[in-house]
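Chain by chain, the residues:
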Amino acid sequence: MRGWIILALIAVGLYYLYTETDKLDEPIAETQMVLKKIERKLDSLTGTQIIRVDGRLQKLKAEIGQRLTAAELSEFDAVLTDKNSVMDFKENYCEKSGVSHPVFDKENLLFICDNL
């Protein structure tokens, strides 16, 4: 009986920390990042992947190709190599405000983020 009470108190404590404070936000974010890396590694180890041509991205590439310099266009091609690189780009440069990119100028970065 005492074991159940202790377990219930621990569960209530964790629930409180999760819902009412930000003490667990950083560890949860780190855990999610590690799980995402593991998932991507497993995807790469499984061998073949289905490559799907996304017409929307091709259209975006055609539109933005006229706006970009040669270096920016090369970098944009690197971003579009696969689904994971697009997700990483969006995570690093589009979801955070005030972040700058070493290759894209601010105006082009905003345009890319708005259309990805």
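Look up a bit, the structure's there.
This write-up is about the structure you can find in this document.

Conventions adopted
Residues numbered from 1 in each chain as written. Predicted model: local features only at pLDDT ≥ 70, side-chain atom pairs only at ≥ 80, totals over all residues. Heavy atoms only, no water. Salt bridge = Lys/Arg side-chain N within 4 Å of Asp/Glu carboxyl O. Helix = DSSP H or I, 4+ residues; strand = E, 2+ residues; numbered from the N terminus. Core = buried A, V, L, I, M, F, W, Y, C linked by side-chain atoms within 4.5 Å. Buried < 20%, exposed > 50% of the residue type's maximum accessible area, 1.4 Å probe, protein only. Contact = heavy atoms within 4.5 Å. Phe/Tyr/Trp six-rings, centres within 6.5 Å; stacked < 30°, edge-to-face > 60°. Lys NZ or Arg CZ within 6 Å of the ring centre and 35° of its normal.

## Some thoughts on the pattern of salt bridges
Applying the stated rule across the entire model yields two salt bridges. With a closest N to O distance of 3.4 Å, Arg-67 and Glu-107 form a salt bridge. Placement of Arg-67 in the loop between α3 (55-65) and α4 (70-79) and of Glu-107 in helix α6 (residues 106-115) is noted, with a sequence separation of 40 residues between them.

## Structural notes on the nonpolar core
For soluble globular proteins, the rule of thumb is that nonpolar side chains tend to be buried together. Among the nonpolar cores identified, the biggest contains 13 residues, and Phe-76, Phe-89, Phe-104, Ile-112 and Leu-116 are the most heavily contacted of them. If you list the elements that add at least two residues to this core, you get α3, α4, α5 (83-94) and α6. The element that contributes the greatest number of residues to this core is α6, accounting for three residues.

## Examining the side chain of Asn-108
With respect to the helices, strands and loops of the structure, Asn-108 is situated in helix α6. Under the relative-accessibility criterion, Asn-108 is labelled buried at 4%. In contact with Asn-108, not counting residues within four places along its chain, are Ile-64, Arg-67, Leu-68 and Glu-72.

## Brief notes about the packing of aromatic side chains
Summed over the entire model, instances satisfying the criterion amount to two aromatic pairs. Centroid distance Phe-89 to Tyr-93: 5.2 Å. Interplanar angle 40 degrees. Geometry classified as tilted. Here Phe-89 pairs with Tyr-93, and both are found in helix α5, just four residues apart, close to one helical turn. Between Phe-89 and Phe-104 the ring centres are 6.0 Å apart and the planes differ by 85 degrees, which places this aromatic pair in the edge-to-face class. Of this pair, Phe-89 sits in helix α5 while Phe-104 sits in the loop between α5 and α6, and the two are 15 residues apart along the sequence. Every member of this aromatic cluster is reached through a ring pair, and the members are Phe-89, Tyr-93 and Phe-104. The ring of Phe-111 has Arg-67 lying over it, and the distance from NZ or CZ to the ring centre is 4.3 Å.

Function cannot be read off these values alone, since they describe shape.
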